[in-house]
Structures are given as C-alpha cells and as structure tokens.
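Working through the structure, step by step
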Amino acid sequence: MKLSILNFTKYLFFLGIILSANAQNFHGKATYVSKSKMDLGTYGAKMSEARKKQIAARLKNRLEKTYVLSFNSTESTFLEEERIDAISGATDSWGGYFSRGDHYKNVKESTLVQSQEFYGKRFLVKDALYEIAWTMGTESKKIGQYTCYKAKAFVPEIELNWYDFSWSDLKVNEDKSGVTNEEMIVVEAWYAPQIPFAQGPGEFWGLPGLILEVSLENTTLLCTEIVLNKENKVRIEAPEKGTEITKKDYTETVRNKMIEMRSNRMRRRG
C-alpha cells in the first residue's frame, strides 16, 4: 500500500523521534564520489571522439572528485581528498583556485565556515547557511543497505557555486529594468531516515536523514561508504586561518581580481 504525503510525513516524524534519541552520541564518516559530465558546447560538436577522450582524460581530476563528510548531530566537515593529475603528475593549480575549500557547517546554529585560497591569499568565509526549502516525496530506492527517499528543491545558483568562477561570469546578466536575474537550479536529493542526521555533502542539509545522493545540472554526488560509531568520536573542527569575509564579499573580491587580470592581459596584447 502506498503512503500518502501526510502519512509519510507522520512516519518520518515518529521514526525521527525514535532514532534521534539513539543518534545523539553517534558520529560518522561518509565518503562521496562527485562526477560531472563534460560540456563542450557547440565547440565540442566539431571534435572527434578521440579528441574528446583526450580532453576528458586531461580534465579527469576536475570532473571526478572524492570527498569525506565527517559528521555528528550538529556539526560536519566536508573535505576533498587530494588528487594528483593522472597525466602530468602535478596538482591542478589554476583549477584549484576555483575548487571548494575545507567546508564546515553547524546545522544547529545555521553557520558556514569555509577556507578558500585565491592568488596567494587565504580567506576564511563565514556566513549563514542557506536554508533549502525541500519538497519531500514518497518515492524510494536503496543506496547500499539504506532505504532512501527523494526530495527536490529550487536553489539559487549563487548559493551553490559562490566559490566557483569562469571568465563568462564577469558578464552581468541583467534584464531591461537593470535588475540582476537570479538563476535557480533544480536539486534532487536522496536521504536515509535510518541515519537521523540533518547533514549532507557540501551545501546540502536540512532533511530528516543523512543525504546520500545529490544530483544537480551535470553533477552527481553519491555516497559510496558510511562508517557510524559511538565509541571513537570523529574530530570535527572549523578551519581557522585566513582573512574573514562573507560569501558575497569573497565573490566580489575574486571577480574584481579577474577583471584586473583580464585588463592587464588586454593591455599587453595592445
């Protein structure tokens, strides 16, 4: 028999009460693999398959990443495992400017702390967590040994990619009235009520169970391993080094530097 949305919500509520009492002292670690599809646009239509494979191999360390989420009932860190370029044997320095830094969130206090380094300067981004308005459904599937339920949300693009930039981002997208358009991204998440932590990878949180899978645009984050324990506490600490700044001010700082770099390059060419 299928559950109605009302009965399903009641089920999650009572399940959460039962499980959360046992979860207060538990800590855990979850490993996530992030995979992004390569989008070459109209330029890619002119390429041979062999050339596309060469580019995909070269960009593999940007398209495929592994993260570890360490969490308890209120705090979590989300850290990328260090990856070495498979071809050159070197780290991706320029791409590293726009990679996610060490990420910490406190869901009880609704706070975010994330370290970012750009052009030789270290920043400590401190801001409020964006509260995602999830719509929960009754559709379910198994991820590993856990039964997960589907949830969807529309999230402003800037809240998901505030640390990521490209040269095209320098163009301000405005309508005729001069008001900046806010692009919304559809996010699909699968969470496990059996793990009653309102935690998840990166910016994602706020569901009645650990988020084990997230899909948005051309990227999927999938949990491949979970370790829960009560005896050995996981060390969870927010990054501390860097110039304190908000997400908005960090975005403006990086964009201004990119505009300066572009202007200097154009002057040299001229």
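Scroll up for the structure.
So, how was this worked out
Residues numbered from 1 in each chain as written. Predicted model: local features only at pLDDT ≥ 70, side-chain atom pairs only at ≥ 80, totals over all residues. Heavy atoms only, no water. Helix = DSSP H or I, 4+ residues; strand = E, 2+ residues; numbered from the N terminus. Expected span 1.5 Å × (residues − 1). Buried < 20%, exposed > 50% of the residue type's maximum accessible area, 1.4 Å probe, protein only. Pairing = 2+ DSSP bridges. Axes fitted to C-alpha atoms, helices over the stretch in contact; angles between N-to-C directions. Contact = heavy atoms within 4.5 Å. Phe/Tyr/Trp six-rings, centres within 6.5 Å; stacked < 30°, edge-to-face > 60°. Lys NZ or Arg CZ within 6 Å of the ring centre and 35° of its normal. Disulfide = S-S within 2.5 Å. 1 Å grid on protein atoms, 1.4 Å probe; cavity = no way out; pocket = protein on both sides within 12 Å on 5 of 7 lines; lining within 4 Å. Points joined across faces, edges and corners; volume = space filled by probe spheres on them. Nonpolar A, V, L, I, M, F, W, Y, C, P; charged D, E, K, R; others polar.

Some details on helix H7 (residues 247-269)
Between the first and last C-alpha of H7 there are 33 Å, a value that for 23 residues agrees with the 33 Å anticipated at 1.5 Å per step. Among all positions of H7, only Lys-247, Tyr-250, Thr-251, Val-254, Met-258 and Met-261 are buried.

Describing the sheet that holds strand S12 (residues 243-245)
Spatially, 12 strands are ordered S7-S8-S9-S10-S11-S1-S2-S3-S4-S5-S6-S12 in an open sheet, and the strand pairing comes out mixed. Of all strands in the sheet, those with a lone pairing partner are strand S7 (135-143) and S12, marking the two edges. Neighbour-to-neighbour, the strand axes of the sheet open up by a mean angle of 20 degrees, direction not taken into account. Relative to strand S4 (residues 103-106), strand S3 (residues 75-80) runs antiparallel, the two sharing 4 bridges. Bridge pairing in S4 links Thr-77 to Tyr-104. Here H7 sits on the sheet in contact with strand S5 (111-118), strand S6 (121-128) and S12, set at roughly 145 degrees to S6.

Focus: the packing of aromatic side chains
Counting across every chain of the model gives 8 aromatic pairs. Between the aromatic rings of Phe-123 and Tyr-250, the centroid separation amounts to 5.4 Å while the plane-to-plane angle is 75 degrees, which identifies the pairing as edge-to-face. Taken as a pair, Phe-123 in strand S6 and Tyr-250 in helix H7 lie far apart in primary sequence, 127 residues in all. The same class applies to Phe-123 and to Tyr-250, which are both buried. Positioned above the aromatic ring of Tyr-67, the side-chain terminus of Arg-100 is 5.9 Å from the ring centre. If you follow Lys-141 out to its NZ or CZ, it ends over the ring of Trp-190, 4.6 Å from the centre.

A closer look at unusual backbone geometry
Of note in the backbone geometry, Ser-110 takes a positive phi value of approximately 55 degrees without being a glycine. Note that Ser-110 resides in the loop between S4 and S5. The phi dihedral of Tyr-119 falls on the positive side, at around 55 degrees, and the residue is not glycine.

Quick look at the state of the cysteines
If you walk through the whole model with that rule in mind, you get 0 disulfides. Free cysteine: Cys-148, not disulfide-bonded; nearest cysteine sulfur from Cys-223 at 8.7 Å. Assessed through its relative accessible area of 0%, Cys-148 is described here as buried.

Quick notes on the environment of Ser-34
On the secondary structure map, Ser-34 appears in strand S1 (residues 27-36). Given the relative accessible area of 10%, Ser-34 is considered buried. As a C-alpha pair, Ser-34 and Leu-221 span 187 residues in sequence and 4.4 Å in three-dimensional space.

Points about the environment of Asp-249
By secondary structure assignment, the location of Asp-249 is in helix H7. Residue Asp-249 is classed as partly exposed on the basis of its relative accessible area, which comes to 37%. Between the C-alpha atoms of Asp-249 and Val-125, which are 124 residues apart in sequence, the distance is 9.0 Å.

Focus on empty space enclosed by the protein
Summed over all chains, the structure comprises 1 cavity of 30 Å³ or more. Looking at the largest cavity, its volume works out to about 100 Å³. Considering the residues around the largest cavity, the lining is formed by 13 residues, among which Leu-129, Tyr-130, Glu-159, Glu-203 and Lys-247 are closest to the centre. Of the residues belonging to the lining of the largest cavity, the class tally is 9 nonpolar, 1 polar and 3 charged.

Overview of the environment of Lys-108
With respect to the helices and strands, the residue Lys-108 is situated in the loop between S4 and S5. Residues Lys-108 and Ala-198 lie 90 residues apart in sequence; the distance between their C-alpha atoms is 9.4 Å.

No statement about biological role is implied by the geometric values presented.
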